[in-house]
Amino acid sequence: MTATVQAGPGTAVNLLFGPGADAAEALARQIKSAETDLDRALRQLRPATRQAAVRETAAAAAGLLDVRLDGLLLAGWRIQHDLTGAARRTLASPGSTELVDLARHQVSADQEPSVAVMVDGRQVATIRFGLTVEFDISALVAGIKAGLLVAVHAGSCDVTATLAIQGTQVQTASRHLDLPAALTVSPGIRLLPAADYPAARPPAAPRYSERMS
Amino acid sequence: MWRSRARLRLCVIVVALAWPAVPAIAGAGVAQPDAGTLQVSPATVQASAPTTLTLAGQAAAGEPSQSLVSSPTVIVTPVAVTTTTAPPSSQGTTTTAPPSSQGTTTVASPTPGTAHSGIDWRPILLVVLGLVLIAGTAGLAAFRPLRRGGHGTAAGNVRAVPRTGPPPSVAVRDTGDSPALTVRIEPRAGATMTTIEERVP
């Protein structure tokens, strides 16, 4: 079941475990139940130390999974040829604006962070995570000016996040996003590499009133 | 079989105990008429050391053989190891000649060099107990780090190091049928018309 949210997409960990949930605690449970070598590696430790190690690992994992969803979506749009073409054209023609009505498309992003557990300076275990986020975007109308994405006039998106630990899927969640409400693009987001944009002008000389004051 | 042996009116009970205390002989109906001879009828003998209990009866000459109820009871306190050469059935009814024979019971202390002398179990038990204690202590010492963790590994020595891994791979795939539609809005500067009006005062 998907829920429609009008707020920002937030992060992948919020999408996976809920915005109000303790992601580290939920991840600790997932790590304990997953078939990792962490339990065997920490067997020689005292129970309290073992639990603290799992909590630390989960907290580190939660930080790694705290990935902004809009960043992943924009990373996909930066390689979408219709949008990048419009960005180049508007960059070449200062003052021009293009409205791009994109066909339905999918953006998928994969990330494989990991947490290394060190005991007395020696690495005893590595917990590998797999984060997959898929956006299914339809009816997107984007405004592009000077090579920047300056507006999202319409569009909807179904986003699904999937978490795997040691290659085994352990959590998945989906939501429906209304893109104009979810994305904040003002004053503009680059769609091209930074080198394609003209260098920033030097700061203007102070005005007369500022010099006299 | 043991009944036939009892007819010989010789019953030897060897009680081997682990406690080399002085044999305690007590009980109701026990009388010691002289040194080395104990008369028990019936007897209750308490012994706490390796003790050889010899029951012997003497029948009067010429008297017919009669049944004799001889039930000596050997009570060992404390009970550690008891070795009895005669089965419990030997303590039952025995057939002997005169009734007077039931009154003589000889209890002899173990003497060194006797073939059936009691084995002193005390040092053996002590050695066994010591070995058990040593083995238990060694086992605990060996398994304690596995069970509860060693003292050398403190909580501060455990670190979780996050690694972002390779940069995320992003892919875009068109799933719709209709192509993208682009609307271009390009403002163009038009001619500027300036009107100058003169007013004559």
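As the structure is a computational prediction, the values presented were derived from the model and not from experiment. Think of each chain on its own: its residues are numbered from 1, step by step along the sequence as written. Just so you know, chain letters begin at A and ligand numbers begin at 1, following the order they were written in. Two thresholds apply to this predicted model, a pLDDT of at least 70 for residue-level local features and 80 or more for giving and counting side-chain atom pairs, whereas whole-chain, interface and lining totals are computed over all residues.

**Observations concerning the packing of helix α2 (residues 23–33) of chain A against helix α4 (residues 47–64) of chain A**
All names here are of chain A.
No. 1: Viewed as axis vectors pointing N to C, α2 and α4 meet at an angle of 115°, and their least axial separation amounts to 8 Å. As α2 packs across α4, the resulting crossing turns out to be right-handed. From α2, Ala23, Ala24, Leu27, Ala28, Ile31 and Lys32 reach across to α4, where they touch Val54, Arg55, Thr57, Ala58, Ala59, Ala61 and Ala62.
No. 2: Class assignment for the residues of the contact of α2 with α4 results in 10 nonpolar, 1 polar and 2 charged. Here an angle of 0 to 180 degrees is reported between the N-to-C directions of two axes, which are lines fitted to C-alpha atoms, with helices fitted over the stretch in contact. Put simply, DSSP marks the helices as runs of H or I at least four residues long and the strands as runs of E at least two long, and each gets a number from the N terminus on. In a left-handed crossing the near helix is turned counterclockwise from the far helix by less than a right angle, and in a right-handed crossing that turn is clockwise. Once C-beta atoms are placed from the backbone, any two residues with those atoms within 7 Å are in contact. Put simply, Ala, Val, Leu, Ile, Met, Phe, Trp, Tyr, Cys and Pro go in the nonpolar bin, Asp, Glu, Lys and Arg in the charged bin, and everything else, Gly too, in the polar bin.

**A short note on α2(A)**
An α-helical turn contains 3.6 residues, so any two residues separated by three or four positions project in the same direction.
Residue and element names in this part refer to chain A.
No. 1: Within α2, burial applies to Ala23, Leu27, Ala28, Gln30 and Ile31. Within α2, the buried residues cover an arc of 165° as seen down the axis, which keeps them to one side. Turned more than 90 degrees away from the buried face of α2 sit Arg29 and Ser33, all of them exposed.
No. 2: Residues of α2 that are buried sit in contact with α1 (12–17), α3 (38–41), α4, β5 (122–145), β6 (148–165) and β7 (168–178). Residue burial here comes from a neighbour count, namely the number of other C-beta atoms, placed from the backbone, that lie within 10 Å of the residue's own C-beta, with 20 or more meaning buried, 12 or fewer meaning exposed, and in between meaning partly exposed. The directions from the helix axis to the C-beta atoms are what the arc is built from.

**Digging into the pairing of strand β11 (residues 169–174) of chain B**
No. 1: Little of β11(B) is tucked away: 0 of the 6 residues are buried.
No. 2: Where strand β3 (residues 105–111) of chain A lies against β11(B), 6 bridges are found, and the strand directions are antiparallel. If you follow Val107(A) over to β11(B), its bridge partner there is Val172(B). Two strands qualify as a pair provided DSSP detects at least 2 bridges between them.

**Points about the nonpolar core**
Residue and element names in this part refer to chain A.
No. 1: By size, the foremost hydrophobic cluster in this structure holds 58 residues, and its most contacted members are Ala12, Ala61, Leu65 and Ile144.
No. 2: Looking at this core element by element, the count peaks at 9 residues for β5.
No. 3: Residues in contact with Ile144, not counting those within four places in the same chain, are Leu83, Ala86, Ala87, Thr90, Glu98, Val100, Leu149, Val150 and Leu191. By our criterion, buried Ala, Val, Leu, Ile, Met, Phe, Trp, Tyr and Cys residues that link up through C-beta atoms within 7 Å make up a nonpolar core.

**Comments concerning α4(A)**
No. 1: Between its first and last C-alpha atoms α4(A) spans 26 Å; for 18 residues at 1.5 Å apiece the expected length is 26 Å, and the two agree.
No. 2: Taken as a whole, α4(A) has its buried residues at Ala53(A), Val54(A), Glu56(A), Thr57(A), Ala58(A), Ala60(A), Ala61(A), Ala62(A) and Leu64(A).
No. 3: In this structure, the buried residues of α4(A) make contact with α1, α2, α3, β4 (114–119) and β5 of chain A together with β10 (158–163) of chain B. A helix is expected to reach a length of 1.5 Å times the quantity of its residues less one.

**Some words on the interface of chain B and chain A**
No. 1: Of the residues lining the interface, 36 residues belong to chain B; the matching set on chain A comes to 46 residues.
No. 2: Of all the secondary structure elements, the ones that give two or more residues to the side of chain B that touches chain A are α2 (121–148), β10, β11 and β12 (181–185) of chain B.
No. 3: Along the lines of polarity and charge, the residues of the side of chain B that touches chain A split into 18 nonpolar, 11 polar and 7 charged.

**Brief notes about the confidence of the model for chain B**
Residues and elements named next belong to chain B.
No. 1: Of the residues in chain B, 34% reach a pLDDT of 70 or more, and the chain-wide mean stands at 59.
No. 2: One number per residue, pLDDT, summarises how confident the predictor is, and it ranges from 0 to 100. When pLDDT is averaged over each helix and strand of chain B, the minimum, 38, is found for strand β1 (residues 10–15) and the maximum, 91, for β11.
No. 3: Of the regions scoring below 50 in pLDDT, residues 65–115 engages in 127 contacts with residues more than four places distant in sequence or in other chains.
No. 4: Taken as a whole, residues 147–155 scores under 50 in pLDDT and shows 15 contacts with residues more than four places along the chain or in a different chain.
No. 5: ipTM for the predicted complex: 0.79, alongside a pTM of 0.56.

**Focus: unusual backbone geometry**
No. 1: A cis amide bond links Ser186(A) with the next residue in sequence, Pro187(A), at an omega value of 5°.
No. 2: For Ala146(A), which is not glycine, the phi torsion reads 55° and is therefore positive.

**Here we look at the pairing of β12(B)**
No. 1: With 0 of 5 residues buried, β12(B) lies mostly on the surface of the structure.
No. 2: Looking at chain direction, strand β2 (residues 97–102) of chain A and β12(B) are connected through 5 bridges and run antiparallel. The residue bridging Val100(A) from the neighbouring strand is Thr182(B), located in β12(B).

**Examining the confidence of the model for chain A**
Residues and elements named next belong to chain A.
No. 1: Predicted confidence across chain A gives a mean pLDDT of 86, with 89% of residues reaching 70 or more.
No. 2: Looking at the elements of chain A, mean pLDDT is at its lowest for strand β1 (residues 3–5), recorded as 38, and at its highest for β3, recorded as 95.
No. 3: Long-range and interchain partners of residues 209–213, a stretch whose pLDDT sits below 50, account for 1 contact in this model, where long-range means more than four residues apart.

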